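Listed below, chain by chain, are the residues.
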Amino acid sequence: MCGLAGFLRTETTPNRDAHRQWLEAMGLAIVHRGPDASGHFLDDSVGLTHRRLSILDLSDSGKQPMKSPSGRYFISFNGEIYNYRSLRKDLEADGYVFRTGTDTEVLLALFEQKGYRCLDELNGMFAFAIWDAEAKQVFLARDRLGKKPLYYYEEGGRFAFASELKSLLKLPFIPRTVRPDSVKDFFAYQYVPDPKTIYKNIHKLPAGHWLISDGVRTEQHQYWDVSFSQVTAKSLSEIEDELYSLIEDSVKLRMVSDVPLGAFLSGGVDSSAIVGLMAGLSDRPVTTCSIGFDSERFDEVKYARKVAAQFQTDHHEFTVRENVADNLAQIARFFDEPFSDPSFVPTFFVSQLARRRVTVALAGDGGDENFAGYSKYYTDYVENRLRKLFPDAVRHGLFPRFAQLAGLINTPMARKAQSLVGTLALDPDEAFSVTNSFFRRSLWDEVVRDDFRRDTTGYDPADITRNHYRNAGTDDHLSRILYTDIKTYLPGDILVKVDRMSMANSLETRAPLLDYRVVEYAAGIPSALKMRGKEKKHILKETFSRLLTKDILYRRKMGFSVPLADWLRNEIRTLANSVFYNEDAGLAHFFDMEVVRAIWQRHLQGENHHSQELWSMLNFELWWQAYGEGGKDMT
């Protein structure tokens, strides 16, 4: 795993010394992504920099930016190409002579041979930049699912790119002008969805896309998307056998490494299956790492211990206790735009624990999105069945009034009734957008400042969810919401969280369940086999019943949850007070701080209804202090 950055030199009188300093600053900003080595390339047209975390071919021959034998192409690459060995054999058969044992050289040779069509042959996680010294243009690409990040800036004839925003912010010509609709997006989703960022004129290259630019003209193209339109007619036993073999092969590919390798283990189906397969493919005990909490409600360590014992792993644990307050601001700094999925805290600590013993860790990410594992999918499924029982006229005409009346009663039962009736009044795409929102609209209307409300009038973050739902290419409701999460929540939240928290500890993570072959195969499995009644991930559990015990397969899912309400009242109360009682806070640009404080006081008095919203506001302020308009980042 590595980090990359660069820019096109479009000035009529380029200052080589200044630009070399820019490259060095951009590289230092992402040193955590690659502490083992650094490299720069600077000519009259481009500057490239690279930070290396050595995984394959640890010698100096793997340093980047790497030049092709012809001298035409220069690559700066972040990621791993898991099928590089087979690609290398094919290239050698065509006469290519390799100088290193890296997948970087294979990728560069394949690009020189096939151009952008090389992307169709890659199985991996990647973001890379290739400079074409002859055509004077840069080619950027990002992997199919968006496991590796890639940002770019384009404005006024200037073009720059980097693995992280904090690297781009080192360029003196890039302003930190916050984009208002992105602020609204963040509070709705907990993250800023692709292709936007929190800043104007800085964009994310979406997953499954490539881009080419000469600094004057930029073209962007999509080269991959998952399709749910072709549903398999194979038998249950055939699906189980094929799925097992496919995931096993995905694990095997991801166990290739020249450095120590291990796994994250929560004791859930996904990570337990990965660890079980690794144990069967390894001639030594697998190193496993787990995170626990003092709270019984959130602690999964006992399940992880059972799996570790079953497969005789070299198991390690860390318990999150008083560590939160002392570390939160420092951990949050690794997100250079607002991010507030609370599980980033334990993800940081489990990455830190793993890095003490390994450099690469396999994880179970992707199982929930591929096989319908989240509780929200069952809730949405039930609501959608109920929705079909009522005529549209009743749902649209009467239900909103019923919800309004229920909202006047301040009891838990009335709140549940308000939520259910209000949801049933909505169409399926709109209802799922509500499910995906983490800031209640009623609270938003109460807390937002009038001037910011005017700035974002007419913009609704729910359009992002609705548009993906409608473009899923299928009429099956569950498939539509899985497609929506694969396009939004997975790359915007889950993969950002894992990338930033692992890279903060210079740890590479690999996700076998996000092998694009697994994703495509899962998309063709009938929805009825993914969710059967209340049982989620049914087909995955059946597939791994030959490997895992029933108490692991069928236990209640906890996810990577945290005791958020308790954290706010106890461990991080002092930090939260310093934010919510600060009249000069960045939040004050967007929210009425008196209302914010009233909500905060209600929470301290025992109301748990707004824990996520308060957490989002706290993390927004932590970001603002480091990277907001006029802010000074600490890299």
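Below you will find a few notes about this structure. None of the values given here were measured: they were computed from a predicted structure.

### Focus: the sheet that holds strand β16 (residues 360–362)
Item 1. Read from one edge of the open sheet, 5 strands run β15-β14-β13-β16-β17, paired in parallel fashion. In this open sheet, the two edge strands, each paired with only one partner strand, are β15 (314–320) and β17 (508–510). Within the sheet, the average angular offset between the axes of one strand and its neighbour, ignoring direction, is 30 degrees.
Item 2. Contacts from helix α8 (residues 301–310) reach β14 (287–293) and β15 within the one sheet, and its direction differs from that of β15 by about 175 degrees.
Item 3. The sheet contacts of helix α10 (residues 344–355) involve β13 (261–264), β14 and β15, and relative to β14 the element is tilted by about 145 degrees.

### Brief notes about the state of the cysteines
Item 1. Enumeration over the complete set of coordinates arrives at 0 disulfides.
Item 2. Here C2 stays free of any disulfide, with the sulfur of C118 as its closest cysteine sulfur at 18 Å.
Item 3. What makes C2 buried here is its relative accessible area of 6%.
Item 4. Accessibility expressed as a relative area gives 0% for C118, which makes it buried.

### A short note on the sheet that holds strand β7 (residues 137–142)
Item 1. Spatially, β4-β5-β6-β7-β11-β12 is the arrangement adopted by the 6 strands of the open sheet, whose pairing is antiparallel. In the strand order of this sheet, the two ends are held by β4 (66–67) and β12 (218–222), each with one partner.
Item 2. Looking at chain direction, β4 and strand β5 (residues 73–81) are connected through 2 bridges and run antiparallel. Paired with M66 across the bridge in β5 is I75.
Item 3. In the packing of helix α3 (residues 103–114) onto the sheet, contacts are made with β4, β5, β6 (124–132) and β7, and the angle to β5 comes to roughly 125 degrees.

### A look at the nonpolar core
Item 1. Within the largest apolar cluster, 141 residues are counted, with the highest numbers of intra-cluster contacts made by F128 and F591.
Item 2. Beyond its immediate sequence surroundings of up to four residues, F128 is in contact with L4, I75, S76, F77, L107, L119, L122, F139, L140, A141 and L150.
Item 3. Within the second largest apolar cluster, 41 residues are counted, among which are L53, F311, A522 and I525.

### Thoughts on the pairing of strand β3 (residues 46–52)
Item 1. Here β3 lies mainly inside the structure; 7 of its 7 residues are buried.
Item 2. The alternating pattern of β3 places V46, L48, H50 and R52 on one face and G47, T49 and R51 on the opposite face, and all of these are buried.
Item 3. Sheet topology places strand β1 (residues 2–8) next to β3; 7 bridges connect them, and they run antiparallel. Following the sheet pairing, G3 is matched in β3 by R51.
Item 4. With 6 bridges joining them, strand β2 (residues 37–42) and β3 adopt antiparallel strand pairing. Across the sheet, the residue bridging to H40 is T49, located in β3.

### Let's talk about the pattern of salt bridges
Item 1. Applying the stated criterion to the full structure yields 47 salt bridges.
Item 2. In this structure, R284 engages D283 in a salt bridge whose closest nitrogen and oxygen atoms are separated by 3.9 Å.
Item 3. Note that R480 and D475 form a salt bridge whose closest N and O atoms lie 3.9 Å from each other.
Item 4. When salt bridges that share partners are traced, they join R33, K148, E164, K166, D336, D499 and R500 into one network.

### Things to note about the pairing of strand β8 (residues 151–155)
Item 1. The pairing of β8 with strand β10 (residues 202–204) spans 3 bridges and is antiparallel. From the neighbouring strand, Y153 faces β10, where its bridge partner is I202.
Item 2. In this sheet, strand β9 (residues 158–162) lies alongside β8 in antiparallel orientation, the contact comprising 5 bridges. Note that in β9 the partner of Y152 across the bridge is F161.

### Remarks on a nonpolar patch on the surface
Item 1. Judged by side-chain polarity, L398, F402, L405, L408 and I409 come together as a nonpolar surface patch covering roughly 520 Å² of accessible area.
Item 2. Mapped onto the fold, F402 is located in helix α14 (residues 399–406).

### Details of helix α29 (residues 611–627)
An α-helical turn contains 3.6 residues, so any two residues separated by three or four positions project in the same direction.
Item 1. Across its 17 residues, α29 extends 24 Å between first and last C-alpha, which sits within 8% of the 24 Å expected from 1.5 Å per residue.
Item 2. The buried fraction of α29 amounts to 16 of the 17 residues, a majority that puts the element mostly inside the structure.

### Quick notes on helix α5 (residues 180–189)
Item 1. For α5, the tally of buried residues reaches 9 of 10 residues, placing the bulk of the element in the interior.
Item 2. In this structure, the buried side of α5 is in contact with α17 (441–447), α18 (450–455), α19 (462–470) and α29.
Item 3. Within two residues after α5, Q190 carries a phi angle of roughly 85 degrees, on the positive side.

### What to know about the environment of G71
Item 1. Considering the arrangement of structural elements, one finds G71 in the loop between β4 and β5.
Item 2. The class of G71 is partly exposed, set by a relative accessible area of 28%.
Item 3. Separated by 424 residues in sequence, G71 and L495 place their C-alpha atoms 35 Å apart.

### Observations concerning the packing of aromatic side chains
Item 1. Taken as a whole and judged by the stated rule, the model has 44 aromatic pairs.
Item 2. Ring centres 5.8 Å apart and planes at 40 degrees place the aromatic pair F126 and F128 in the tilted group.
Item 3. An angle of 50 degrees between the planes, with centres 6.1 Å apart, marks the rings of Y199 and W623 as tilted. One end of the pair, Y199, is in the loop between α5 and β10; the other, W623, is in helix α29, with 424 residues separating them in the sequence.
Item 4. Accessibility expressed as a relative area gives 0% for Y199, which makes it buried.
Item 5. The ring of F173 carries R158 above its face, with NZ or CZ at 4.1 Å from the centroid.
Item 6. A cation over a ring is seen here: R546 above Y244, with NZ or CZ 4.7 Å from the ring centre.

### Side note on the environment of T104
Item 1. With respect to the helices and strands, T104 occurs in helix α3.
Item 2. When residues no more than four places from it in sequence are discounted, the contact partners of T104 are Q64, M66, I75 and F77.

### As for the side chain of N123
Item 1. If you trace the backbone, N123 turns up in the loop between α3 and β6.
Item 2. The class for N123 is buried, based on a relative accessible area of 5%.
Item 3. Once you skip the residues sitting within four places of it in the chain, N123 turns out to touch E80, I81, Y82, N83, L253, R254, D515, Y516 and R517.

### Some points on the packing of helix α6 (residues 236–253) against helix α22 (residues 516–523)
Item 1. At their nearest, the axes of α6 and α22 sit 9 Å apart, and the two run at 165 degrees to each other. One finds that α6 runs roughly antiparallel with respect to α22. The hand of the α6/α22 crossing is left-handed. Contacts from E238, I239, E242, L243, L246, I247, D249, S250 and L253 in α6 reach R517, V518 and Y521 in α22.
Item 2. Looking at side-chain class alone, the contact of α6 with α22 contains 7 nonpolar, 1 polar and 4 charged residues.

### Concerning unusual backbone geometry
Item 1. P65 follows Q64 through a cis peptide bond whose omega is 0 degrees.
Item 2. The topology assignment puts P65 in the loop between β3 and β4.
Item 3. Between D194 and P195 the backbone carries a cis peptide bond, its omega angle lying at 0 degrees.
Item 4. Along the chain, the position of P195 falls in the loop between α5 and β10.
Item 5. Positive phi values are uncommon outside glycine, yet Q190 reaches one of about 85 degrees.
Item 6. Among the structural elements, Q190 can be located in the loop between α5 and β10.
Item 7. Looking at Q190, the relative accessible area reads 2%, which means it is buried.

Reading the values: the criteria
Residues numbered from 1 in each chain as written. Predicted model: local features only at pLDDT ≥ 70, side-chain atom pairs only at ≥ 80, totals over all residues. Heavy atoms only, no water. Pairing = 2+ DSSP bridges. Helix = DSSP H or I, 4+ residues; strand = E, 2+ residues; numbered from the N terminus. Axes fitted to C-alpha atoms, helices over the stretch in contact; angles between N-to-C directions. Contact = heavy atoms within 4.5 Å. Disulfide = S-S within 2.5 Å. Buried < 20%, exposed > 50% of the residue type's maximum accessible area, 1.4 Å probe, protein only. Core = buried A, V, L, I, M, F, W, Y, C linked by side-chain atoms within 4.5 Å. Salt bridge = Lys/Arg side-chain N within 4 Å of Asp/Glu carboxyl O. Patch = residues over 30% accessible without salt bridge, like charges linked within 9 Å, V, L, I, M, F, W, Y side chains within 5 Å. Areas by Shrake-Rupley, 256 points an atom, 1.4 Å probe, with all protein chains shown as cover. Expected span 1.5 Å × (residues − 1). Phe/Tyr/Trp six-rings, centres within 6.5 Å; stacked < 30°, edge-to-face > 60°. Lys NZ or Arg CZ within 6 Å of the ring centre and 35° of its normal. Parallel < 35°, antiparallel > 145°, perpendicular 65-115°, else oblique. Left-handed = near helix turned anticlockwise from the far one by under 90°. Nonpolar A, V, L, I, M, F, W, Y, C, P; charged D, E, K, R; others polar.

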